[in-house]
Amino acid sequence: SAVISQKPSRDICQRGTSLTIQCQVDSQVTMMFWYRQQPGQSLTLIATANQGSEATYESGFVIDKFPISRPNLTFSTLTVSNMSPEDSSIYLCSVTTGTNIQYFGAGTRLSVL
Amino acid sequence: GQQLNQSPQSMFIQEGEDVSMNCTSSSIFNTWLWYKQDPGEGPVLLIALYKAGELTSNGRLTAQFGITRKDSFLNISASIPSDVGIYFCAGQVFNNDMRFGAGTRLTVKP
């Protein structure tokens, strides 16, 4: 497995602003992913963060709203842009190692007022 | 895409009781995984299953990969208060394509 650190752990933001969430891993990993977990719901994949190229977004998620960076094999960021109350969720980073099993960070709890 | 049907949605049990939950799908998966999520935390992997028919244990937890590759169950024996949390099944076809069930919220009464 890998040790995954997400920052911030929680935040309260005003509508119309943007928040950037960081995901740092203690070792080089093959794949990095970003998920959203709305209150009381399951996990929904937002995108796969590709190292050195544009992220691959799932249906219903777009780069303008959720820009993602992955400058190297241990770090990625997700930005939630122009936030509205509907963006209030837990945002989770996950990574895969050689086994292709996904391991998760503790998540970022976002509340948008 | 592939949909996972996880049941039950929630369970309220007495400490010491056994628990069983399952996931079914109309699609075939190559890997089944079970995660547990505690309040304020991310999901933590409990058990990973790689072959149809595989039965794997992790302490008081036992999970099986259905023979049809379309289902999996998780059993918890002799539940204790720290078993409280949300349990998610996940099915994986290819490397990036993992689908999650809706979760089973477990409450254990001392």
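Here, the structure is the one placed above.
What counts, and where the lines are drawn
- Residues numbered from 1 in each chain as written.
- Chains lettered and ligands numbered in written order.
- Predicted model: local features only at pLDDT ≥ 70, side-chain atom pairs only at ≥ 80, totals over all residues.
- Heavy atoms only, no water.
- Contact = heavy atoms within 4.5 Å.
- Buried area = accessible area lost by both parts, 1.4 Å probe.
- Salt bridge = Lys/Arg side-chain N within 4 Å of Asp/Glu carboxyl O.
- Polar contact = N/O pair within 3.5 Å; in protein donor to acceptor, adjacent residues only side chain to side chain.
- Pairing = 2+ DSSP bridges.
- Helix = DSSP H or I, 4+ residues; strand = E, 2+ residues; numbered from the N terminus.
- Axes fitted to C-alpha atoms, helices over the stretch in contact; angles between N-to-C directions.
- Buried < 20%, exposed > 50% of the residue type's maximum accessible area, 1.4 Å probe, protein only.
- Lys, Arg positive; Asp, Glu negative; His and termini not counted.
- Disulfide = S-S within 2.5 Å.

Chemist: How should the interface of chain A and chain B be read in this particular structure?
Modeler: By a widespread convention, an interface's size corresponds to the accessible area lost as its parts come together. Across the contact, 19 residues belong to chain A and 20 residues belong to chain B. Each partner contributes to the roughly 1500 Å² buried at the junction of chain A and chain B, and carbon and sulfur atoms together form 53% of this total. If you sort the residues of chain A by the area they bury against chain B, A:Asn100, A:Ile101 and A:Phe104 come out on top, with a joint share of 29%. Summed over the shared surface of chain A and chain B, the result is zero salt bridges. Inspection of the region where chain A meets chain B yields six residue pairs in polar contact (both at pLDDT 80 or more).

Chemist: Even after reading the chapter, I still don't get the sheet that holds strand E8 (residues 75-80) of chain A, so can you show me in this structure?
Modeler: Residues and elements named next belong to chain A. Pairing is antiparallel across the open sheet formed by four strands, whose spatial order is E1-E3-E8-E7. Pairing within the sheet leaves two strands with one partner each, and these edge strands are strand E1 (4-7) and strand E7 (68-72). The sheet shows a mean angle of 15° between the axes of neighbouring strands, direction not considered.

Chemist: Whenever I open this one, the pattern of salt bridges confuses me. Can you help?
Modeler: Two side chains that carry opposite charge are able to pair once their charged atoms sit near each other. All names here are of chain B. For the structure shown, the criterion picks out three salt bridges over all chains. The shortest N-O distance in the salt bridge between Asp38 and Lys36 comes to 3.1 Å. Here Lys36 falls in the buried class, since its relative accessible area comes to 12%. As a salt-bridge pair, Arg60 and Asp83 come within 2.8 Å of each other at their nearest N and O atoms. One end of the pair, Arg60, is in the loop between strand E6 (55-58) and strand E7 (61-65); the other, Asp83, is in the loop between strand E8 (71-76) and strand E9 (85-92), and 23 residues separate them in sequence. Relative accessible area serves as the criterion here: at 28%, Arg60 is assigned to the partly exposed category. On the accessibility criterion, Asp83 (6% relative accessible area) is buried.

Chemist: Hey, could you run me through the side chain of A:Arg36 in this one?
Modeler: Residue and element names in this part refer to chain A. By the element assignment, Arg36 lies in strand E4 (residues 31-37). Despite being buried, Arg36 has no salt bridge partner; Asp87 is the closest side chain of opposite charge, sitting 4.7 Å away. Those residues within four positions of Arg36 in sequence are excluded, and the remaining contacts are Ser42, Leu43, Thr44, Ile46, Phe61, Phe66, Ser89, Ile90 and Tyr91.

Chemist: Is there a simple way to think about the sheet that holds strand E3 (residues 19-25) of chain B in this case?
Modeler: One key point about sheets: their strands pair by backbone hydrogen bonds, in either a parallel or an antiparallel sense. Residue and element names in this part refer to chain B. The sheet built from five strands is open, its strands ordered E1-E3-E8-E7-E6 with antiparallel pairing. The outermost strands of the open sheet, each flanked by one partner alone, are strand E1 (4-7) and E6. Neighbour to neighbour, the strand axes of the sheet diverge by 15° on average, direction disregarded. Sheet analysis places E3 next to E8, joined by six bridges and oriented antiparallel. Within E8, the position partnered with Ser20 by the bridge is Asn75.

Chemist: It is not clear to me how the side chain of A:Ser42 should be interpreted in this structure. Could you clarify?
Modeler: Looking at where A:Ser42 falls in the secondary structure, it is placed in the loop between E4 and strand E5 (43-49). Using a relative accessible area of 15% as the deciding quantity, one classes A:Ser42 as buried. Polar side-chain contacts of A:Ser42 include one of 2.5 Å to the backbone oxygen of B:Gly101. Contact partners of A:Ser42, with chain neighbours within four places excluded, come to A:Arg36, A:Gln37, B:Phe88, B:Phe100, B:Gly101 and B:Ala102.

Chemist: Would you mind showing me how to read the state of the cysteines here?
Modeler: Working definition: the covalent bond between the sulfur atoms of two cysteines is a disulfide. For the structure shown, the criterion picks out two disulfides over all chains. Disulfide pairing places A:Cys23 opposite A:Cys93 at an S-S distance of 1.9 Å. On the sign convention where negative means left-handed, the S-S torsion of about -65° between A:Cys23 and A:Cys93 marks this disulfide as left-handed. On the criterion of sequence distance, the pair formed by A:Cys23 in strand E3 (residues 19-25) and A:Cys93 in strand E9 (residues 89-96) is long-range, its members being 70 residues apart. As far as burial versus exposure is concerned, A:Cys23 and A:Cys93 are alike and both buried. The partner cysteine of B:Cys23 in its disulfide is B:Cys89, sulfur to sulfur 1.7 Å. Classification of the bridge connecting B:Cys23 and B:Cys89 rests on its S-S torsion, roughly -70°, and on that basis the disulfide is left-handed. On the criterion of sequence distance, the pair formed by B:Cys23 in strand E3 and B:Cys89 in strand E9 is long-range, its members being 66 residues apart.

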